[in-house]
Structure formats: structure tokens, C-alpha cells
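What follows is each chain in one-letter form.
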Amino acid sequence: MADSKPISTPHSEKEKLLAMIKVQAQADQDYMSKVPYSSAIGSFMYAMVCTRPDLAYAVSMVNRFLNQPQKEHWKAVKKIFRYLKGTSDVGLIYGSHPDCCLTGYSDADFAADLVKKRSLTGYAYTLGGCLVSWKATLQPSISLSTTEVEYMAFTEAAKEGIWLRGLINYLGINQEYANIYCDSLSAICLAKDQVHHDRTKHIDVRYHFIRSERRIKVHKISTLHNPADMFTKPVPKSKFDHCLSLLNVDCWG
Amino acid sequence: MGYGDGVKGYRIWSPSERKVLLSRDVIFDESHLFHPKLEVPIAGTQRCHSPQEKDVEFTAKDSEKGGHFETSPVVLQEGEKLEDFSANESHLAAEPDPPQLNSRINQRPKRVTKPLERYGFEDMAAYALHAAEEIDSNEPDTYQEDINHPEAENWLLAMKEEMESLYNNQTWKLVELPKGRHVVGCKWIFKRKPGLSEKEGIRYKARLVAKGFSQKEGVDFNEIFSPVVRHTSIRVLLAIVANQDLELEQLDVKTVFLHGRLDENILMKQPEGFEVQGKERYVCQLQRSLYGLKQSPRQWYMRFDNFITSQGFKRSLYDFCVYHNKVEDGSMIYLLLYVDDMLIAAKNMCDIQNLKILLSGEFDMKDLGAANKILGMEIYMDKTQKRLFLSQKDYI
């Protein structure tokens, strides 16, 4: 691994990983039993939680298969190692900004998990241009539509936003509300207005609490400029770099 | 005969009463060896011999083909044999001594242990992860190992140092063991650390820890939750530092858990190798929390929280490890606590200095100067461009 070639993104753009149902060949099973899969993921997690939001999607992808990893998954892990090799000096850059305001971005991927059909939530928060909080995680329940998925991701982001707003208000920076950008117009409508539609009947209390929430404000953002996109999809290199530059994740100097 | 299913205690065959009992109050008699001659097969697997009033030996043995099982001879001595041992809980004696293998059991063929065949070193990644675990070996694991270790002198010196600091802190006082009280064990941990400066050489550290796992809930501990700061809070603070161009300093508390005071009355065995002459049977009644106790982090946090709030700091409702205070000129001073690490941020350096003096008056502090590493995140500051950079270069 030490003399491997670095790559530009931690994930493969074309394929999504699958927890394979077919039985593994004996040779593959032997191979996987000798591989430190979970400890490799543990190490990624630590980096991801501290300073590496760029790993979030790739790590959330491989850690779904912890209980029975297969050769394909180990290949994906090795890809992350190769990516890290080329980007070991990447980190978060914090600078000063004229207005120190809290901004969030949310995004979702419908039925991202190919086997269980669960969807993915992704969000990121910046405070005066400094990235402070991010997440890429599977949603707990299965959704019926993209609108619903975006709406749920939005709710998750709003919860984090309310907490962050409380914390920074306490620290002496007054923020009346947190701005959250979402790229799904239908989810925004659902959050702002009491739109009722046959297909949104089942969305209940847990996700409707943001309707009456005054501590956040919703805005529309184009998918092209939504940095949370990289937490939910295997985006190509150009988009990946664009997202990272929006969040001020880069090398020092 | 072994351990009871689902309950704490030994299963014991009592030939005098001719039944199987459950008891935690067992004393193993290691001086008696059982006589193979006297063994007579009885239905099942138990056999016994020479039942003497309350002093009974027994053993269990598998039938001839199977080889011997795990038992060693056991003598019950005036212990309460209760089927319902929970009623007996209030007057438990000290823990039973670990059963030592007698000579007969030593004769049985030992199981050959095979090295694990994981980590086939398929590639460098696997190797690197494995190697990282191996690096800090060659440190003694136990006291027994230590006194036979080639560097025993250095380790002994380190242990003496630790004992001295424990005495100076009045960590415990020796008391006679009250009857029926539970005693927590303790252990020495040895660690080799690189010296702070070139000429100092390797430092040998020994630390006495309590065996927290042998504590009993409700007796030895009640509440053990202790908050730690969220990574997000750290980044929020750093973002504010970058935005408002604040000074950022880091402090470290030495022997952090020894600052905590205990609410519970905990008894601990005397540390190995440092038993007080003539008082070998005494136990240590802990006054301060010790490393390894379950409530240590909590007691430390409570102590710190009490102190800092008494100094006018306010605790955040959103993260219990974030404190702030207003200084005279109206600017804010922030304090962030992660167990023994602290980050302090303020506009003026003199405010930070004042706080440092305040803290070192109360706790044993180490000043680390400008913050450069917290929780594995490296912090680089660029004052001229008012920028701050967070990364994990060393970790990756």
C-alpha cells in the first residue's frame, strides 16, 4: 500500500457497493478473514470525525458491511487509503469573515442503500465560512419519495442547526436563526407552507416540527452549488473539488 | 464444581448434606491434595472422600476416558451455605483466593496454543495497522513480571515516585478491614515514555490503578456519567477564534483524576510491593479518586465544575464542557474542557494569564502555551493572515 498510486476521490464514481447475497468463494472468505477491515474503518472514522469531511461519504459506504465484508468492500477500503495517501495534508481552513453567520446545507439520496433501500442524509454547517459540523448517515426509515427523503434530511439538518445556534448564541454571537440551504424545492414548500398532498399524508410529527420552528430559515440552492452533495453521492472529481472549496477544505498554504 | 448459571457464586457439593449448594462464601483449601486412591466412581461425575463435619474435601472428575476436568480440591470452612445467597450479601467475606492449580492438575497435558492466523499481511495496509499495535511492547504487564524484568531498577524507581505522589496527595489512609466489606483490587501499569528533552532520555512511568471492574454498583459507585466535549464544539470555538482573532492557549492537568474527591467509601487492597510492614492485612480507604475507578472521571468533572462556576464562569446548556465569562472590558473568555485538556480563548493575553494563575492555584497544571494539538487535531495558526488550519497530518 505504501507505494500505491494516489487517487483524487475516495470513492468510485460509477458503482455503488452492494452487500452481496450470493455466497462467497472459499478463497475469498479466507482472504477476508485475514484482512483488518473493521480496524481500518475505525481509523478512517477518527480522521473523518475530526478534520476530514471529504471522507464522510466513502466511510459511510464501507461501514455498512462491517458484519460481513467481502472482497469488493475491501477494494473500496483500499481506494480510501490511496486517496488519503495523496491528500494527507488536507484539513479545515478557518479564516475571518465579515459576518459570522451560521449556514447549513442539506442534501439526500433516495434509496442509496441498494439492498435495504434506505436513503442517505447529508448535511454540513459553516460558521462564518468555517466548516464546523457535518454528517453523512443512513436514514432510519424507508421513504416513499424523493421529496420525503429531502424533507427528512432537512429535518435532521435543522435539529443540528438549532443546537449550533444555541451554542454560538451562548458564546456571545447573536444569531436570530440559522440559514439552511436545501436543493429540493418540493421539500422547501413542504417545510414553509402547509402544503397538503396525497403523497405527503404519512409524513408525521417528527418531520413536521420544522414547520413551526422559528430558529431556522430555509433557502433554495442549486444542486450545483450545494456542498452537501458530496455527502450523499459518489460525485465526480470536478464536483468533489468544488464542494470542498465551498467548505474551505484544502491544503495549508 | 464450577460456577452457578446466571448468578455470581460457586456451585459446591456438600457431602455432609448430600446436595449441591450455591455460595459466594468459599475458601479454597490448597494445602490438601486429594487422593486418587480414594476415588470411587459414583453415578455421574462427582466423587468425594473423608467427609469430616464441616471440613469437607471433594473433587469432580470425568470418567476414565475423558481426562480430568478443571476442578481443584475445595474445602468449605464454616461458610454460610445458602441456597439463596442474595440474603447473604450484607456480610460477604473477602473475595475467595484464586484457586491455584495443584500438582496433579499440572501434570495433565497442556493445550497447545496456536498463534492466530489473522493478519496474513496481504498488503501493506494490513501490515501497518498490525505493526502499530506491536510497537509499544516490552513493558512489564504485572508486578511479578516487573521484578524479574531486565530494567527492574528503573521500574522500581518509577513505582516509588508514584507512591510518593500518592502519599503527598493523601490519596488514602490505612484501615483495618471491616468485616464483610468488599475490597477493590489494584494493579501497577508500566509505561516507557520518550523524554521531554534530548538529554533526559527515556522516562519510566509507573501508575497505580484500581481495578474498577471489581466495583459493585450501589456499594462502590452510584453515578458514573461524565460529559466530554463534542468535536463540533471545539470547531465552533476555533471558528470563533479565527473570526474574531482571539488568543488561544492550551493547558493540561497533571494526574487529573487524583483531584476528584470520593462520595463513596471505597476500600482497596494495598499496592503490590508496597505493603506496610506489620499492617499487611490492612486495606486502603480511598480519600481521592484513583485512576481506574469507575467514578473517577465524574468526580473530577464535578470538582472542576464546582471550582470554575464559583469563579463566575457560566456553563453552556448546549455543551456541558464549554464555559465562558465576561472580563472587565466586556470581551469574552472561553474555556473548553476535555477531561484533562483545556482550551482557553480570549481577546487579551493578560486575561488568559489571570485564568491560568487562578487554575494553577487550585489544580496541578501544566502550561502548554499556544494550542497546537487537541484530540489528535493539529492546529496551525497564521496570525498575519488571520487564518487557522486544522488537520491530522501526523495521524494520517
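Residues numbered from 1 in each chain as written. Chains lettered and ligands numbered in written order. Predicted model: local features only at pLDDT ≥ 70, side-chain atom pairs only at ≥ 80, totals over all residues.

Here's the deal with the overall build of chain B
No. 1: Counting its secondary structure elements, chain B contains seven helices and 21 strands.
No. 2: The 396 residues of chain B split such that 27% are buried.
No. 3: Taking the contacts inside chain B whose residues are at least 6 apart along the sequence as the reference set, 64% of them involve residues at least 24 apart. (Helix = DSSP H or I, 4+ residues; strand = E, 2+ residues; numbered from the N terminus. Buried ≥ 20, exposed ≤ 12 C-beta atoms within 10 Å, placed from the backbone. Contact = placed C-beta atoms within 7 Å.)

Some details on the sheet that holds strand β16 (residues 332–338) of chain B
Residues and elements named next belong to chain B.
No. 1: The sheet built from six strands is open, its strands ordered β14-β15-β16-β17-β11-β18 with antiparallel pairing. One side of each edge strand has no neighbouring strand; the edge strands of this open sheet are β14 (314–315) and β18 (365–370).
No. 2: Across six bridges, the pairing between strand β11 (residues 247–253) and strand β17 (residues 341–346) is antiparallel. Each bridged residue has a counterpart across the sheet, and for E247 the counterpart in β17 is A346.
No. 3: Sheet strands in contact with helix α5 (residues 231–244) are β11, β15 (322–326), β16 and β17, and its direction is about 150° off that of β16.
No. 4: This element, helix α7 (residues 349–362), spans β11, β16, β17 and β18 of the sheet and lies at about 10° to β11. (Pairing = 2+ DSSP bridges. Axes fitted to C-alpha atoms, helices over the stretch in contact; angles between N-to-C directions.)

Concerning the sheet that holds strand β13 (residues 283–286) of chain B
No. 1: Read from one edge of the open sheet, four strands run β7-β13-β12-β8 (chain B), paired in mixed fashion. Taken across any chain shown, the strands that pair with only one partner, and hence form the sheet edges, are β7 (172–175) and β8 (183–184) of chain B.

Details of the environment of M349 of chain B
No. 1: You can see M349 of chain B is positioned in helix α7.
No. 2: Taking the C-beta count within 10 Å as the criterion, M349 of chain B has 10 such neighbours and is therefore assigned exposed.

Quick look at α7 of chain B
All names here are of chain B.
No. 1: Taking 1.5 Å of rise per residue, the 14 residues of α7 would be expected to cover 20 Å, and the 20 Å separating its terminal C-alpha atoms lies within 8% of that figure.
No. 2: Buried residues of α7: D351, I352, L355 and L359, and no others. One face of α7 carries all of its buried residues, which in axial projection span an arc of 95°. Relative to its buried face, α7 has exposed residues pointing more than 90 degrees away, namely M349, C350, I357 and G361. (Expected span 1.5 Å × (residues − 1). Arc of directions from axis to C-beta.)

Overview of the confidence of the model for chain B
Residues and elements named next belong to chain B.
No. 1: Averaged over all residues, the pLDDT of chain B equals 67, while 56% of them reach at least 70.
No. 2: Taken together, the stretch residues 35–107 has pLDDT below 50 and engages in 117 contacts with residues farther than four places along the chain or on a different chain.
No. 3: Confidence drops under pLDDT 50 across residues 113–136; counting only partners more than four residues distant or on other chains, this segment forms 25 contacts.
No. 4: Among the prediction metrics, the complex's ipTM stands at 0.83, with pTM recorded as 0.68. (pLDDT = per-residue confidence, 0-100.)

Re the nonpolar core
No. 1: In terms of nonpolar packing, the biggest core is built from 131 residues, with F154 of chain A together with L237, L336 and I344 of chain B touching the most fellow members.
No. 2: Per-element tally for this core: the top contributor is helix α5 (residues 146–170) of chain A, with 10 residues.
No. 3: Ignoring anything within four residues of it in the chain, the contact list for L336 of chain B reads V229, S233, I234, L237, C321, V322, M342 and L343 of chain B. (Core = buried A, V, L, I, M, F, W, Y, C linked by C-beta atoms within 7 Å.)

A short note on the pairing of β17 of chain B
All names here are of chain B.
No. 1: Counting buried residues in β17 gives five out of six residues, a clear majority hidden from the surface.
No. 2: Here six bridges tie β16 to β17, and the two strands are oriented antiparallel to one another. Note on β17: the bridge partner recorded for L337 is M342.

Concerning the pairing of strand β3 (residues 120–127) of chain A
Residues and elements named next belong to chain A.
No. 1: Across the eight residues of β3, eight count as buried, placing the element largely inside the fold.
No. 2: A two-sided burial pattern is seen for β3, the buried positions comprising L120, G122, A124 and T126 on one face and T121, Y123, Y125 and L127 on the other.
No. 3: With eight bridges connecting them, strand β2 (residues 102–109) and β3 associate as antiparallel partners. Within β3, the position partnered with G104 by the bridge is Y125.
No. 4: Of the pairings in the sheet, the one linking β3 to strand β4 (residues 130–138) comprises eight bridges and is antiparallel in character.

Examining the packing of α5 of chain A against helix α6 (residues 185–192) of chain A
Each pair of packed helices can be summarised by the angle the axes make with each other and by the distance between the axes.
Residues and elements named next belong to chain A.
No. 1: Packing of α5 against α6 leaves a shortest axis separation of 8 Å and a crossing angle of 60°. Judged on the interaxial angle alone, α6 and α5 are oblique. Between α5 and α6 lies a crossing of right-handed hand. Taken together, the residues of α6 that come into contact with α5 (itself represented by T147, E150, Y151 and F154) are S186, A187, L190 and A191.
No. 2: Here the residues of the contact of α5 with α6 sort into five nonpolar, two polar and one charged. (Parallel < 35°, antiparallel > 145°, perpendicular 65-115°, else oblique. Left-handed = near helix turned anticlockwise from the far one by under 90°. Nonpolar A, V, L, I, M, F, W, Y, C, P; charged D, E, K, R; others polar.)

What to know about unusual backbone geometry
All names here are of chain A.
No. 1: Of note, K117 is a non-glycine position whose phi angle comes to about 60°, a positive value.
No. 2: Inspection of the secondary structure assignment puts K117 in the loop between β2 and β3.
No. 3: You can call K117 exposed: it has 11 C-beta atoms within 10 Å.
No. 4: One non-glycine residue, N248, adopts positive backbone phi at about 60°.

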